[in-house]
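# Examining the three-dimensional arrangement
Here's the letter readout for the chains.
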Amino acid sequence: MKIDITTLEGESTGSIELDDSIFGLDPREDLIARMVRYQLAKRRAGTHKTLGRSEIWRTGKKLYKQKGTGSARHGSARVPQFRGGGRAFGPVVRSHAHDLPKKVRALALKHALSAKAQDGGIIVWSDARVAEPKTKGLKASFAKLGLLNALIIDGAEPEENFCLAARNIPQIDVLPVQGINVYDILRREKLVLTRAAIDALEARFK
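What counts as what
Residues numbered from 1 in each chain as written. Predicted model: local features only at pLDDT ≥ 70, side-chain atom pairs only at ≥ 80, totals over all residues. Heavy atoms only, no water. Phe/Tyr/Trp six-rings, centres within 6.5 Å; stacked < 30°, edge-to-face > 60°. Helix = DSSP H or I, 4+ residues; strand = E, 2+ residues; numbered from the N terminus. Buried < 20%, exposed > 50% of the residue type's maximum accessible area, 1.4 Å probe, protein only. Polar contact = N/O pair within 3.5 Å; in protein donor to acceptor, adjacent residues only side chain to side chain. Contact = heavy atoms within 4.5 Å. Expected span 1.5 Å × (residues − 1). Salt bridge = Lys/Arg side-chain N within 4 Å of Asp/Glu carboxyl O. Pairing = 2+ DSSP bridges. Axes fitted to C-alpha atoms, helices over the stretch in contact; angles between N-to-C directions.

## Some details on the packing of aromatic side chains
Here the distance between the centres and the angle between the planes together describe a pair of aromatic rings. For the structure shown, the criterion picks out 3 aromatic pairs. Residues Trp 125 and Phe 142 carry aromatic rings whose centres are separated by 6.2 Å and whose planes lie at 25° to one another, so their mutual orientation is stacked. Remark: Phe 142 occurs in helix 4 (residues 135–145) and Trp 125 occurs in strand 3 (residues 122–125); sequence separation between them is 17 residues. You'll find Trp 125 and Phe 142 in the same group, each marked buried. Measuring from centroid to centroid gives 6.3 Å for Trp 125 and Phe 162, while their planes differ by 85°, and the two rings are edge-to-face. In this pair, Trp 125 is assigned in strand 3 and Phe 162 in helix 5 (residues 160–166), connecting sequence segments 37 residues apart. Take Trp 125: its relative accessible area is 1%, and that puts it in the buried class. Residue Phe 162 is classed as buried on the basis of its relative accessible area of 1%.

## Considering the side chain of His 96
Assignment of secondary structure puts His 96 in the loop between helix 2 (29–43) and helix 3 (102–118). We classify His 96 as buried; its relative accessible area is 12%. Side chain to side chain, His 96 and Arg 44 meet in a polar contact 3.5 Å long. Side chain to side chain, His 96 and Arg 94 meet in a polar contact 3.3 Å long. Residues contacting His 96, with those up to four places away along its chain left out, are Ala 41, Arg 44, Gly 46 and His 48.

## Re helix 3
Taking 1.5 Å as the rise per residue, helix 3 with 17 residues should run 24 Å; its terminal C-alpha atoms sit 24 Å apart, in good agreement. Those residues of helix 3 that are buried lie in contact with helix 1 (20–23), helix 2, strand 3, helix 6 (182–187), strand 6 (190–194) and helix 7 (195–204). A positive backbone phi angle near 75° is found at Gly 120, which sits one or two residues after helix 3.

## Structural notes on the pattern of salt bridges
Under the counting rule described, the total for this entry stands at 5 salt bridges. Arg 187 is paired through a salt bridge with Asp 173; the nearest N and O atoms lie 3.2 Å apart. With Arg 187 in helix 6 and Asp 173 in strand 5 (residues 172–175), this pair connects stretches of sequence that are 14 residues apart. Judged by its relative accessible area of 40%, Arg 187 falls in the partly exposed class. Residue Arg 188 pairs with Asp 173 through a salt bridge whose shortest N-O separation is 3.0 Å. Separated by 15 residues along the polypeptide, Arg 188 in the loop between helix 6 and strand 6 and Asp 173 in strand 5 bring together distant segments of the chain. The class of Arg 188 is buried, set by a relative accessible area of 10%. The class of Asp 173 is partly exposed, set by a relative accessible area of 21%. Among the ionic contacts, a cluster of salt bridges with common partners joins Asp 173, Asp 184, Arg 187 and Arg 188.

## A look at the sheet that holds strand 4 (residues 150–153)
An order of 2-1-3-6-4-5 is seen for the 6 strands of this open sheet, with the pairing classed as mixed. Bordering the open sheet on either side are strand 2 (12–17) and strand 5, each of which pairs with just one other strand. Taking each pair of neighbouring strands and ignoring which way they run, the sheet shows an average axis angle of 30°. Pairing analysis gives 4 bridges linking strand 1 (residues 2–6) to strand 2, with the strands arranged antiparallel. Of the residues in strand 2, the one forming a bridge with Thr 6 is Ser 12. Relative to strand 6, helix 7 is tilted by about 85°, and along the sheet it contacts strand 1, strand 2, strand 3, strand 4 and strand 6.

Spelled out as structure tokens, the structure:
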């Protein structure tokens, strides 16, 4: 698959052949959906918590005698039936993460990249650099290019000025190539890859 290489100013600087084993697959929605569920489950805090009957600070003395009152038999006031009692089977602090094989995760990333390429949502830049960390100038450049909602993937270490300029622009994410993931690819309309990012991806999946 051949795609043009452009600059931040929109000028063409040649073209590049993308590896079909990474960008040319027939996208499988089931793999992509599994990976999105895996990512969203893993990032959940899992800090929801309610008090059980053993954690309620309240006397454990029997409320009233067992027989002769005409009322139901009750012992502790900490049981869930009473107002202020413990919650029965309430949520506890836990991890929501589940396992997904490493090969499936790698394949899901390839299919997400292929889906974006199939939709024409991939843009290749020669690099992602700016002279000054000015948000206003970078935002104007993005407006000229029509980039209003994009994920920008650079090499191992994105340029600091570019990251500083882009971090206050809404719906624009900048990540190093190690941080590329299925969920962020899908949630943005455009995927911008630098030459360094493409080289790193192809080396990673060899």
